[in-house]
Amino acid sequence: MVDETLKDLGAAHEGWVGVLLEDGSEPGPVYFDVGSGAHVPSSTEWHAYDGRFGRPKAALLRGACACGWRGAAEYPLDWAALDDQEPLYEADVDLSGPIADYHAHLAVIRDTAVRLPAPLLALLAGLKERLETAAEKDPLVALKALADLRHLIVEVGADAALAVQVGRIPIETVASALGTSERAARRYLNGYRHP
């Protein structure tokens, strides 16, 4: 359960190059007609919005994040210079602006997350190094240490989650401290409270 919730913590800030149409709206997925069948493939990749085969045509690109953040800067697609008969992914489109905006968003998220004390960071770095060495030299020792570490994580995690609950720390505060969404933070806490 904990491993799955750790994925949720990171997925809360998964980013991509977003698309806006000429009218300023953010389009839904593009569906691809591949003939008959129950499954109809779709995509939300920026290059799927090329206007071909009845698909929506992107006018602007911007940074986007799973948390709902959308970049304020908008980067126009110059359709006069693009061949609208060719797939957009084959075009030489500069994505550096939306990508940089997304990375700036991540920097803000990291800056609001709780900072670990230097001694704890050093301890974690040392533990990682020693476990990696053990994995190379004596993998059974590494696996045993990791099994013991999992038990320790569950115990301490339950204590920390209980302290958050007893202290009535708002889920918004927990989410900000973990650098994730409220939904992911709630699931993370529940993973320790109800393993």
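Below: a short report on this structure.

Rules behind the numbers
Residues numbered from 1 in each chain as written. Predicted model: local features only at pLDDT ≥ 70, side-chain atom pairs only at ≥ 80, totals over all residues. Heavy atoms only, no water. Core = buried A, V, L, I, M, F, W, Y, C linked by side-chain atoms within 4.5 Å. Buried < 20%, exposed > 50% of the residue type's maximum accessible area, 1.4 Å probe, protein only. Helix = DSSP H or I, 4+ residues; strand = E, 2+ residues; numbered from the N terminus. Contact = heavy atoms within 4.5 Å. Phe/Tyr/Trp six-rings, centres within 6.5 Å; stacked < 30°, edge-to-face > 60°. Lys NZ or Arg CZ within 6 Å of the ring centre and 35° of its normal. Pairing = 2+ DSSP bridges. Axes fitted to C-alpha atoms, helices over the stretch in contact; angles between N-to-C directions.

Residues Trp-46, Leu-61, Leu-77, Leu-88 and Val-93 are the most contacted members of the largest nonpolar core, which totals 14 residues. Contributions of two or more residues to this core are made by strand S1 (15–21) and strand S4 (58–65). In this view, Leu-77 contacts Ala-58, Ala-59, Leu-61, Leu-82, Leu-88 and Val-93; residues no more than four positions away in its chain are not counted. Counting 12 residues, the second-largest nonpolar core is a separate cluster that includes Ile-171, Ala-184, Ala-185 and Tyr-188.

Given two aromatic rings, one states the distance between the centres and the angle between the planes to describe the pair. Tallied over the entire structure, the rule returns 1 aromatic pair. A centroid spacing of 5.1 Å and a plane angle of 80 degrees characterise the contact between Tyr-188 and Tyr-192, whose relative ring orientation is edge-to-face. Of this pair, Tyr-188 and Tyr-192 both sit in helix H6 (residues 182–193), separated by 4 residues, roughly a single helical turn. Tyr-188 sits in the buried class, given a relative accessible area of 16%. Taking relative accessible area as the criterion, Tyr-192 reaches 10% and is therefore assigned buried. Directly above the aromatic system of Trp-79 lies the positively charged group of Lys-57, at a separation of 4.5 Å from the ring centroid.

As a further point, take the sheet that holds S1. Across the sheet, which stays open at both edges, the 3 strands sit in the order S1-S4-S5 with antiparallel pairing between neighbours. Unpaired on one side and paired on the other, S1 and strand S5 (75–76) mark the two borders of the sheet. Relative to S4, S1 runs antiparallel, the two sharing 7 bridges. Of the residues in S4, the one forming a bridge with Gly-18 is Arg-62. Set on the sheet, helix H2 (residues 96–112) makes contact with S1, S4 and S5; between it and S4 the angle comes to about 25 degrees.

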